[in-house]
Structures are given as C-alpha cells and as structure tokens.
Amino acid sequence: KKGLVKNGQFFNYYTKFKNYSNFKSGYFNLQKSMDLETIIQKLQEEGTKTPQAPVLGKVTIPEGYTIDQIATAITADVSSKKAGKTPFKKEDFLKAVQDDAFIEKMVAKYPKLLANLPSKDSGVRYRLEGYLFPATYNYGKDTTVKEMIDQMLAAMDQNLTPYYETLESKNINVNEVLTLASLVEKEGATDQDRKDIASVFYNRLNQDMPLQSNIAILYAEGKLGQKTTLKEDATINTELDSPYNIYKNTGLMPGPVDNPGVSAIEAAVNPSKTDYLYFVANVENGEVFFAKTYEEHNKNVEEHVNSKLTQASSN
C-alpha cells in the first residue's frame with residue numbers, strides 16, 4: 001500500500017529464491033529510497049513493540065562538557081558536525097534547562113537522581129549542571145529540547161542506579177558525588193589517575209583543607225571549556241569572590257561545574273585509598289604526580305610546571 005514493495009508476489013518469490021527467512025515481527029521504520037535488499041535486511045532485525053518516530057539524526061555530548069557547551073553541541077548533527085543542522089537552537093536549550101516548572105517535573109520523574117538538586121538560591125549557574133549524561137542521543141522530526149534534556153537526565157539516572165545504594169551507605173548524596181566527579185573529570189585523564197585524584201579531594205575534605213582546584217574558578221569566570229595558557233593557569237585569580245572559589249572556601253562547590261562521564265563518577269564513588277594531599281600534572285604529557293607533603297609537592301611543581309613555564313617564556 002505504501003509503495004515500499006512494488007510487487008508482493010515478486011517479493012515472496014525473491015526471498016524464497018534467495019533463501020531469506022527469519023523475518024522478525026514488530027514495527028519498522030522503512031523508506032521508499034530503500035532497495036529490496038535493504039528492506040529485507042531491516043526485517044531480519046528485531047522490530048519495536050510500538051511504533052517509533054524515525055530517527056532524523058544524532059547529537060554527541062562529550063564528557064566534561066558544561067551546559068553552555070552542550071547548548072552549542074546540540075545544534076550540530078553527528079554526521080555533518082555543522083551548527084544549525086539540527087532542529088535545536090542554543091537559546092531554546094538554555095531557556096528550557098532553566099525553566100523552573102520543567103525542572104520540578106523532572107524532579108518528580110527522577111526522584112533519586114534529583115533528590116539533592118541545588119536550590120535556586122544556592123549560587124549555582126544552572127541547577128541541572130552536572131546531571132546531563134554525556135553520550136550520543138537520537139532525535140526525530142518532532143523532538144523538543146525538553147525531550148532531549150529528559151533523555152540526558154534518564155541516561156544519568158540509569159548510569160547512577162548501580163551506585164545509589166553505595167552512596168547511601170557512604171552517606172554521600174548525588175549532588176556531592178557529581179560535584180566531585182566534575183572536578184575529577186577535568187583533572188585526570190586515566191581511570192587510575194581519576195581514582196587517585198578523587199582520593200586527594202576526599203583526604204582534603206576530611207582534613208578541612210580547601211580543595212584548591214582551578215577548574216572551579218575557571219567555571220565561575222565562564223572560561224571552563226576554553227583553551228587556557230600555562231600562564232593563565234599559573235596566575236589564576238584565587239581571590240575571586242564566588243561560591244566556586246575552592247581556594248578560599250573549604251568544602252565542595254554548591255554544584256558540579258561540568259557533566260562528568262562514567263569513569264569520573266566511578267572514581268568519585270570508589271576512590272583509591274591513599275595518604276596523598278597534593279597532585280600536579282606535567283603540563284606537556286598530562287602525567288600526574290602525587291605527594292603526601294607540601295615539600296614533596298613543591299618539588300613536583302618545580303620540576304613539572306615551573307621549569308616548563310620558564311622554558312616557554314625564554315623561547
């Protein structure tokens with residue numbers, strides 16, 4: 001009826017002649033542009049139980065993206081990578097992600113995930129920062145930005161489900177773990193480094209030492225996700241008046257500073273057991289050096305950061 005198969009009798013003969021069988025039942029999205037072989041191939045895959053809107057395209061959210069970066073990322077389709085190739089607009093996404101009525105709806109839909117969502121007066125830039133899971137998402141012709149945000153929250157909820165009991169037993173709430181994971185996401189590149197870095201942050205929190213991460217200050221300044229030079233990083237404004245200034249303030253920030261992936265979340269839930277209180281990364285290769293004492297740490301900074309800075313300025 002729809003003109004996908006021109007002749008039913010021919011289709012039957014063709015599949016018998018080619019020995020095609022094992023067609024599956026269910027709903028399928030097929031197009032007139034598909035040739036017979038493609039249609040046959042599709043019908044051998046599992047159909048869906050209910051009709052699904054055809055996928056128009058995909059957007060990818062990389063790990064550690066901020067909400068501002070996600071707002072831009074969803075305007076670019078995976079296949080073309082060009083902004084404006086999806087039905088979504090940056091300003092619509094930013095409006096939706098700050099819509100209080102929508103947020104309350106999501107809190108009711110994902111009660112465990114959003115139980116400790118920062119309040120409007122907590123000083124956070126976006127209440128949902130940190131809660132949107134980095135992954136690739138499908139969209140259809142009629143998908144809205146709110147549905148995209150809902151998909152991202154659903155994915156975060158699904159990925160945190162194995163951890164909810166552990167968090168309860170450790171007396172850590174979801175906001176705290178995602179806040180910590182958002183720092184770990186940016187500070188370490190390997191699973192092991194992330195677990196060790198998480199241990200440094202926990203050791204500092206337990207001793208009431210400030211966390212002293214530049215990541216949170218860059219976020220407060222609206223610079224996280226942009227390229228920063230060695231010099232900018234070394235001369236960061238640690239006097240900034242902000243709830244995200246974890247040089248001045250002890251404890252965690254009011255909420256996450258980016259949207260962390262599984263490896264950073266795993267590290268924040270199950271960190272290494274260490275006595276480390278300091279870490280510094282070699283600026284050239286990202287290798288991380290840990291220290292238990294300030295003296296030891298100073299040596300690491302001298303060797304892996306300062307020496308590189310003087311080389312850079314004398315070149």
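Note that the coordinates shown come from a computational prediction; the quantities given were computed from them, not determined experimentally.

What counts and what doesn't
- Residues numbered from 1 in each chain as written.
- Predicted model: local features only at pLDDT ≥ 70, side-chain atom pairs only at ≥ 80, totals over all residues.
- Heavy atoms only, no water.
- Buried < 20%, exposed > 50% of the residue type's maximum accessible area, 1.4 Å probe, protein only.
- Helix = DSSP H or I, 4+ residues; strand = E, 2+ residues; numbered from the N terminus.
- Arc of directions from axis to C-beta.
- Contact = heavy atoms within 4.5 Å.
- Expected span 1.5 Å × (residues − 1).
- Polar contact = N/O pair within 3.5 Å; in protein donor to acceptor, adjacent residues only side chain to side chain.
- Salt bridge = Lys/Arg side-chain N within 4 Å of Asp/Glu carboxyl O.
- Axes fitted to C-alpha atoms, helices over the stretch in contact; angles between N-to-C directions.
- Parallel < 35°, antiparallel > 145°, perpendicular 65-115°, else oblique.
- Left-handed = near helix turned anticlockwise from the far one by under 90°.
- Pairing = 2+ DSSP bridges.

**Points about helix H4 (residues 90-97)**
Turning to step 1, where the next piece is worked out: Buried residues of H4: Phe93, Leu94, Ala96 and Val97, and no others. Take H4 and look down its axis: the buried residues cluster within an arc of 165 degrees, on one side only. Of the exposed residues in H4, the ones pointing more than 90 degrees away from its buried face are Glu91 and Lys95.
Turning to step 2, where the next piece is worked out: On its buried side, H4 packs onto helix H3 (67-73), helix H5 (100-109) and helix H6 (145-160).

**What about the environment of aspartate 208?**
Turning to step 1, where the next piece is worked out: In this structure, aspartate 208 sits in the loop between helix H9 (191-206) and helix H10 (214-220).
Turning to step 2, where the next piece is worked out: On the basis of relative accessibility, which here comes to 56%, the residue aspartate 208 falls in the exposed class.
Turning to step 3, where the next piece is worked out: Remark: the alpha-carbon pair of aspartate 208 and asparagine 249, spanning 41 residues in sequence, is separated by 9.9 Å.

**Overview of helix H8 (residues 174-187)**
Turning to step 1, where the next piece is worked out: With 14 residues, H8 extends 20 Å between its outermost C-alpha atoms, agreeing within 8% with the 20 Å of an ideal straight helix rising 1.5 Å per residue.
Turning to step 2, where the next piece is worked out: Across the 14 residues of H8, 11 count as buried, placing the element largely inside the fold.
Turning to step 3, where the next piece is worked out: Residues of H8 that are buried sit in contact with H6, helix H7 (164-170), H9, H10 and helix H12 (262-269).
Turning to step 4, where the next piece is worked out: Two or three places before asparagine 175, at the opening of H8, asparagine 173 has a side-chain oxygen 3.0 Å from that residue's backbone nitrogen.

**Some details on the pattern of salt bridges**
Turning to step 1, where the next piece is worked out: Under the criterion given, the structure shown has 10 salt bridges.
Turning to step 2, where the next piece is worked out: As a salt-bridge pair, lysine 109 and aspartate 150 come within 2.7 Å of each other at their nearest N and O atoms. Taken together, the positions of lysine 109 in helix H5 and aspartate 150 in helix H6 put the pair 41 residues apart, joining distant regions of the chain.
Turning to step 3, where the next piece is worked out: When its relative accessible area of 47% is taken as the criterion, lysine 109 is described as partly exposed.
Turning to step 4, where the next piece is worked out: A relative accessible area of 16% places aspartate 150 in the buried class.

**Side note on the environment of aspartate 92**
Turning to step 1, where the next piece is worked out: Relative to the helices and strands, aspartate 92 is located in helix H4.
Turning to step 2, where the next piece is worked out: Judged by its relative accessible area of 39%, aspartate 92 falls in the partly exposed class.
Turning to step 3, where the next piece is worked out: Between the alpha carbons of aspartate 92 and threonine 15 there is a distance of 48 Å; along the sequence they are 77 residues apart.

**Thoughts on the packing of H4 against H6**
Turning to step 1, where the next piece is worked out: Packing of H4 against H6 brings their axes to within 9 Å, and their N-to-C directions diverge by 60 degrees. Of the possible angle classes, the one that applies to H4 and H6 is oblique. In this structure, the crossing between H4 and H6 has a hand that is right-handed. Residues Asp92, Phe93, Ala96 and Val97 of H4 touch H6, and the partners they reach there are Val145, Lys146 and Ile149.

**So, the pairing of strand S4 (residues 288-291)**
Turning to step 1, where the next piece is worked out: The alternating pattern of S4 places Val288 and Phe290 and Phe289 and Ala291 on opposite faces, both of which are buried.
Turning to step 2, where the next piece is worked out: When strand S3 (residues 278-281) meets S4, the two strands line up antiparallel, connected through 4 bridges. Within the sheet, the bridge partner assigned to valine 280 lies in S4 and is phenylalanine 289.

**Quick look at the side chain of asparagine 214**
Turning to step 1, where the next piece is worked out: Following the sequence through the fold, asparagine 214 ends up in helix H10.
Turning to step 2, where the next piece is worked out: Take asparagine 214: its relative accessible area is 13%, and that puts it in the buried class.
Turning to step 3, where the next piece is worked out: Once you skip the residues sitting within four places of it in the chain, asparagine 214 turns out to touch Glu187, Asp233, Ile236 and Tyr247.

**Quick look at the side chain of arginine 194**
Turning to step 1, where the next piece is worked out: With respect to the helices, strands and loops of the structure, arginine 194 is situated in helix H9.
Turning to step 2, where the next piece is worked out: Other than its neighbours up to four places away in sequence, arginine 194 contacts Val184, Glu185, Gly188, Ala189, Ser263, Ala264 and Ala267.

**Observations regarding the packing of H5 against H6**
Turning to step 1, where the next piece is worked out: For the pair H5 and H6, interaxial distance at closest approach is 12 Å and the crossing angle is 35 degrees. Crossing of H5 against H6: the hand is right-handed. Where H5 abuts H6, its residues Phe102, Met106 and Lys109 lie against Lys146, Ile149, Asp150 and Leu153.

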